[in-house]
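# Chain and residue survey
So you can see what is in the structure, the chains are spelled out below.
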Amino acid sequence: MNILILGSGGREHTFAWKIAQSPKCKNLFVAPGNSGTAKIATNINIGVNDFESIKAIVLDKAIDMVVVGPEDPLVNGVHDYFLNDEAIKHVKVIGPQKEAAELEGSKEFAKQFLYRHNIPTAAYESFTKDTVEQGYAFLESLTPPYVLKADGLAAGKGVVILNDLEEAKAELKQMLVDAKFGEASTKVVIEEFLDGIELSCFVLTDGKNYKILPTAKDYKRIGEGDTGLNTGGMGAVSPVPFATPEFLNKIEERIVKPTVEGFRKDNLPYVGFVFIGLIKVGDDPKVIEYNVRMGDPETEVVFPRLKNDLVDILLAMANGTLNTIDIEIDERAATTIMLVSGGYPEAYEKGKEITGLEAVEDSIPFHAGAQLEDGKIVTSGGRVMAITSYGDTYQEAIKKSYQNIEKLHFDKMYYRKDIGFDL
Ligand code: AMP
Ligand code: GLY
C-alpha cells in the first residue's frame, strides 16, 4: 500500500515510524513532514489544508490511504472532500468526517453530545454577544475558579480559568464582545470547575466497533510543578499509574461505550481516533473534552507500546472490521520529554542547529519542529523534539530520556525536568 500522512509534528513522526515498520506499507509519504519523517519517508511540501494539492499528490503517487494527524483538516472537511470527488473517492481516509469533527471544532457541540448521551462531564451553559449579561449572572451563580472556553478552535489557547469573579466577567466580555479569539469566541461555554487529576484515553473506531489504546498523561504547562502558560504538551507517561483496572472499567462503561454508541445514534460518520480528555474526580472519570485525533506528545508514548502492525489496525478501521483485531500492548512503560525553543509558548527563535542526535542510545528522538536545512537539522517550531524511552517502570524510562537529553543541544533549548513528578 501507498500511504500519505498529513502533518508535521512529533505525532506524525511517530505515525511514520510505526507505519514504516509494516511490511504492508510500500511507499510512505508525509505532507509536509519534518527532519524525522524525511529519514523514513518522502516529505512533500504542501500544507495540510491545501486539499487540491493533496488530491494531486494522491493521484500522482497512487496513494491508497490518507492518515490525518491534526484536527484542522478534519474540521475543514478533508474526509468529505475525498468522498465527494469521483477521482479519489476510493482512497481510505483515517479521520472523522466534518460533521463528527465538530466534537473538537465546537465545545458547545461536544457538550450537547455529552449531555444527550448521559456521559459524565462538567455542568455548563453557553453564551453569545447577545446574552453576555446572562453570562455575567451565570458566573455570579458559580463558585470559583471560573472556566471559560471559546467555542471554536483557538490553537489550544481558548480555555481560560480564573479565580476572580470580576476578571472572569472581563474575560467573558473580551471573548464575546471584543472577539479575543476571533470567530472562535463568537460563542463561549462557561463550565463548572472540576477538581482532580487529568489523563487521556485513546479510542479507535470504525463507526460501530471500538478498541481502547493505553492511557497516557501529558504535562501541559510550560513550568515545573505544572505552573505557567499552557503549551501543546511538555512530556507524557504511559500507562497512567493511577488508572487501575477498576477505574479503566468505569471509563469504558460510562464514557467509551456511550460515545461510540452516540456516533451511531446521531449518524456521525466516524472512522478514526477519539482522544478523550478526562479528569478523575474522586474515583470517577468525567470528560473534559473530545479531540478527533491522537494527542501530541501522547502518541509518542502510546504507539511505542502498541505491538500490532499499525497498518492492519488502520485497514480494519477503514473496512469496518475492527472487531477482528486484538490489540497487543507492550507491558513496559514509555515516557517522553519534549525539548522546546526558549520562549515557547510565547515568541521564540527558529533555525538553531540541533546537535548530539548521533550519540542518543536506547531512546527514540521523535522530531517535531525540526527541519533539514543544508544537511543540518535545525529548529523550526516551538516544540522541537520528543525524547521517548521504555523502562520496566516509568521512573526508569524517564531517567533514560533525561540521560540522553544531556547529549543534545540547541541554542536556548528548554525542557521540564520534573515529568512524572505528580504520579
Ligand atoms: P481543553 O482545551 O478543553 O482541554 O482545556 C484545557 C485545560 O483546561 C484542560 O486540560 C484542563 O486542565 C483545564 N480544564 C478544562 N475544563 C475544565 C474544567 N471544567 N474544570 C477544570 N479544569 C478544566
Ligand atoms: N497533548 C494534548 C493534545 O494533543 O491536545
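Everything here concerns the structure above.
Let me sum up the structure you'll find in this document. None of these values were measured; they are calculated from a predicted model.

A separate point is the site of ligand 1. Around ligand 1 sit 14 residues, and of these Glu191, Glu192, Leu194, Glu198 and Glu289 come closest. Contact between ligand 1 and Glu198: an oxygen atom at 2.3 Å from a side-chain N or O atom of the residue. For ligand 1, the accessible surface in isolation is 470 Å², of which the surrounding protein chains cover 88%. Looking at the shell around ligand 1, the elements that each hand over two or more residues are strand 7 (146-150), strand 8 (159-162) and strand 17 (284-291).

Looking now at the sheet that holds strand 11 (residues 210-212). Taken together, the four strands give an open sheet; going across it, the order is 11-10-16-17, and neighbouring strands pair in antiparallel fashion. Edge strands, defined here as strands with exactly one partner in the open sheet, are strand 11 and strand 17. Between one strand axis and the next, the sheet turns by 35° as a mean value, whatever way the strands run. Direction of pairing for strand 10 (residues 197-205) relative to strand 11: antiparallel, over a ladder of three bridges. Bridging across to strand 11, Val203 finds its partner in Ile212.

Our next topic: the site of ligand 2. All residues in the neighbourhood of ligand 2 are listed as Asp218, Gly232, Phe275, Arg293, Gly295, Asp296, Pro297 and Glu298. Contact distances for ligand 2 include 2.9 Å between an oxygen atom and a side-chain N or O atom of Arg293. Contact with the protein chains covers 88% of the free accessible surface of ligand 2, which is 200 Å². Here the shell around ligand 2 is built from residues that sort into two nonpolar, two polar and four charged.

Parameters and conventions
Residues numbered from 1 in each chain as written. Chains lettered and ligands numbered in written order. Predicted model: local features only at pLDDT ≥ 70, side-chain atom pairs only at ≥ 80, totals over all residues. Heavy atoms only, no water. Near = heavy atom within 4 Å. Polar contact = N/O pair within 3.5 Å; in protein donor to acceptor, adjacent residues only side chain to side chain. Areas by Shrake-Rupley, 256 points an atom, 1.4 Å probe, with all protein chains shown as cover. Helix = DSSP H or I, 4+ residues; strand = E, 2+ residues; numbered from the N terminus. Pairing = 2+ DSSP bridges. Axes fitted to C-alpha atoms, helices over the stretch in contact; angles between N-to-C directions. Nonpolar A, V, L, I, M, F, W, Y, C, P; charged D, E, K, R; others polar.

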